[in-house]
Amino acid sequence: MKPSSFKYLAPGTIEEALAIMAAHGYEAKALAGGQSLIPMMNFRLAQPAVMVDLNNLPELAYIRPEQGGGLRMGAMTRQSAIEHSAIILERAPMLHATMPNIAYSQIRNRGTLGGSIAHADPSAELPAVSVALDGRFRIRSHRKERWVPANAFFVGLFTTVLEPDELLVEVELPPMPRRCGWAFTEVARRHHDFALVGAAAAVTVDARGACEQTRLVLFSVGDGPVEAHQAAKMLAGQPPTLEAIRAAAETAARDDVDPGTDINATAEFRRHLVRVLSGRVLTQAFGRAHAQNSSFPA
Amino acid sequence: MDDRHRVTVTVNGAQFQQTVEPRLLLSDFLRHDLGLTGTHVGCEHGVCGACTVLFDGQPVRSCLMFAVQADGHEITTVEGLGTMDQLHPLQEAFRDAHGLQCGFCTPGILLTLIPFLEDNPNPSELEIREAISGNLCRCTGYQHIVDAVQLAAQRTSA
């Protein structure tokens, strides 16, 4: 229950951090909040040779509104700062609503936005919500800088497109589109535990109130956030009636996910939860989208 | 491995200078290097909350930080709350309302609640239960802890 030895480096600038990452390659591990990494080190599931502590980089901790309605957040922004930010409440209400579900308040005081995303735990909330909100990530190395859309960032179990010399430095969320709605929910054995299944939906409706775009993202049911493409396709152009949403939720559970069985839940139970939670978030999200225009049929 | 680091940490208002191995957890630093054994170690993976301390005023898990990361920062442990002769009002309320039995979880719960009560001096029962949801207690069933917090809030506002 104690970590193995490592060399500790605490760069004071991003450039210095990138140079260290480049010099140490696969041996180095970036230390953000450490709320997932340090437990893994305590269990010796992770034994990095070099730790690059990013906690002395205050320039990576910010929440900045963008002109036109979007926002940018530094990778080292603490989860508790996001939870209590008025800008987030206004510009990304789904992110605001998601935060209390992430572990416990003591963990969120230390845990970071970028750390959770780069860790890519398949049962984590922030990867799924960043996909649902159509976010994109700024990635830097000493060689170059690149932007990767959230839906192309997660490539497998605890695996992302990050190269060993790269750091995730910023998360950008676009402005909320017109006539949009959102909803987030999850089921866990105990509130704040790892989710057995979670669901995030971000939708838009057209001028007649029919489904325009549906982004339904499920988590804890695969190797990373899972987009329910089949369910979304069924809804396209349809009025989001109770029957249409039920059919889409059914499709999500049958065709869009392939959950596994573990000590906490069977695959069958997870499929059941996908159906129920998909129905709930879609109903709530379309309800919110319609509430923005009272002339729509209920 | 002789990667050792000199750290200066303020704990309960007193400054300490120590040399630490990077892998030393903050919880073990407090207990073994400084002898402050009021910070308890339960699960060492962030679930039980027994090791909660205030790090620059915010409750954090001391088992999920390295001592080397505390360099230049301020920490409050349960030893910094009150003395044997003069308990902190929250500790007094825990004693009066039977908010502890074995006491293993108590330091973590107290340190979680101190900033919570500063922000929210008159919390509802639900808010109290949510506030301590990251701290496991195997004795009390939580009811007397909730009573103790309500008692402390009452006394402070009286």
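Some thoughts on the sheet that holds strand β1 (residues 5-11) of chain B
Residues and elements named next belong to chain B. One open sheet holds the 5 strands; their spatial order is β2-β1-β5-β3-β4, and the pairing between them is mixed. Only two strands of the sheet have a single partner each, and these edge strands are β2 (14-20) and β4 (58-61). With direction set aside, neighbouring strand axes in the sheet form an average angle of 40°. Examined bridge by bridge, strand β3 (residues 52-55) and strand β5 (residues 74-76) share 2 bridges and lie antiparallel to one another. Counterpart to Phe 55 in the pairing with β5 is Ile 75. In the packing of helix α3 (residues 106-119) onto the sheet, contacts are made with β3, β4 and β5, and the angle to β3 comes to roughly 35°.

Regarding the domain arrangement of chain A
Looking at the assigned domains, one finds that chain A contains domain 1 (7-53), domain 2 (58-173) and domain 3 (180-291). A C-alpha centroid distance of 35 Å is found between domain 1 of chain A and domain 3 of chain A.

Some thoughts on the interface of chain B and chain A
Taken together, the contact pairs 31 residues of chain B with 29 residues of chain A. Buried area between chain B and chain A, both sides added, is near 2,500 Å², and the carbon and sulfur share of it is 55%. For chain B, the biggest contributors to the area lost against chain A are Arg 23, Leu 64 and Phe 66 of chain B; these three give 24% of the whole. Our count for the contact surface shared by chain B and chain A stands at 2 salt bridges. Salt-bridge contacts for Glu 44 of chain B lead to Lys 2 of chain A; the nearest nitrogen and oxygen are separated by 2.5 Å. The tally of links between chain B and chain A comes to 15 residue pairs in polar contact (both at pLDDT 80 or more). Counting residues per element, the ones that place at least two in the side of chain B that touches chain A are β3 and β4 of chain B. If you tally residues by element for the side of chain B that touches chain A, the top one is β4 of chain B, at 4 residues. Residues that form the side of chain B that touches chain A fall into these classes: 14 nonpolar, 10 polar and 7 charged.

So, unusual backbone geometry
Residues other than glycine predominantly adopt negative phi, and peptide bonds predominantly adopt the trans conformation. Residues and elements named next belong to chain A. Located in the positive-phi region is Asp 134, a residue other than glycine, with phi close to 60°. Following the sequence through the fold, Asp 134 ends up in the loop between α8 (125-132) and β6 (136-140). We classify Asp 134 as partly exposed; its relative accessible area is 39%. Positive phi values are uncommon outside glycine, yet Phe 158 reaches one of about 50°. Within the secondary structure layout, Phe 158 lies in the loop between β8 (154-156) and β9 (159-160). Its relative accessible area of 39% is what places Phe 158 among the partly exposed residues.

Let's talk about the pattern of salt bridges
Residue and element names in this part refer to chain A. If you walk through the whole model with that rule in mind, you get 23 salt bridges over all chains. The partner of Glu 15 in a salt bridge is Arg 140, and the shortest N-O contact between them spans 3.3 Å. Pair noted here: Glu 15 is in helix α1 (residues 14-24) and Arg 140 is in strand β6, with a separation of 125 residues, a long-range link. The residue Glu 166 makes a salt bridge to Arg 146 at a minimum N-O spacing of 2.7 Å.

Regarding the packing of aromatic side chains
Any two aromatic rings considered together are summarised by their centre-to-centre distance and by the angle between their planes. Enumeration according to the criterion identifies 5 aromatic pairs over all chains in this entry. Summarising the aromatic geometry, the rings of Phe 6 of chain A and Phe 66 of chain B are spaced 5.0 Å apart at their centres and angled 65° between planes, so their arrangement reads as edge-to-face. Of this pair, Phe 6 of chain A sits in the segment before β1 (7-9) while Phe 66 of chain B sits in the loop between β4 and β5, which puts the two residues in different chains. The two residues Phe 6 of chain A and Phe 66 of chain B agree in class, both being buried. For the ring pair Phe 153 of chain A and Phe 154 of chain A, a centre distance of 5.0 Å and an interplane angle of 85° mean the geometry is edge-to-face. Classification of Phe 154 of chain A as buried rests on a relative accessible area of 14%. An aromatic cluster of three or more residues is present, and its members are Phe 137, Phe 153 and Phe 154 of chain A.

Some details on the confidence of the model for chain B
For chain B, the mean per-residue pLDDT works out to 97, and 99% of the residues sit at or above 70. If you check the scores for this complex, the pTM reads 0.96 and the ipTM reads 0.96.

Some remarks on the domain arrangement of chain B
Residue and element names in this part refer to chain B. In terms of domain boundaries, chain B breaks down into domain 1 (5-80) and domain 2 (89-157). Taking only C-alpha atoms into account, the centre of domain 1 sits 22 Å from that of domain 2. On the side of domain 2, 12 residues touch domain 1, which itself brings 17 residues to the contact. Both faces considered, domain 1 and domain 2 share a buried interface measuring about 1,100 Å² in area, 66% of it formed by carbon and sulfur atoms. Considering only the surface of domain 1 that becomes buried against domain 2, His 40, Thr 52 and Val 78 emerge as the three largest contributors, covering 38% of it. In this assembly, domain 1 and domain 2 are joined by 0 salt bridges. Where domain 1 touches domain 2, the interface holds 4 residue pairs in polar contact (both at pLDDT 80 or more). Counting residues per element, the ones that place at least two in the side of domain 1 that touches domain 2 are β3 and β4. Among the residues making up the side of domain 1 that touches domain 2, the classes are represented as 8 nonpolar, 8 polar and 1 charged.

The rules behind each value
- Residues numbered from 1 in each chain as written.
- Chains lettered and ligands numbered in written order.
- Predicted model: local features only at pLDDT ≥ 70, side-chain atom pairs only at ≥ 80, totals over all residues.
- Heavy atoms only, no water.
- Pairing = 2+ DSSP bridges.
- Helix = DSSP H or I, 4+ residues; strand = E, 2+ residues; numbered from the N terminus.
- Axes fitted to C-alpha atoms, helices over the stretch in contact; angles between N-to-C directions.
- Contact = heavy atoms within 4.5 Å.
- Domains from an automatic or database assignment.
- Buried area = accessible area lost by both parts, 1.4 Å probe.
- Salt bridge = Lys/Arg side-chain N within 4 Å of Asp/Glu carboxyl O.
- Polar contact = N/O pair within 3.5 Å; in protein donor to acceptor, adjacent residues only side chain to side chain.
- Nonpolar A, V, L, I, M, F, W, Y, C, P; charged D, E, K, R; others polar.
- Buried < 20%, exposed > 50% of the residue type's maximum accessible area, 1.4 Å probe, protein only.
- Phe/Tyr/Trp six-rings, centres within 6.5 Å; stacked < 30°, edge-to-face > 60°.
- pLDDT = per-residue confidence, 0-100.

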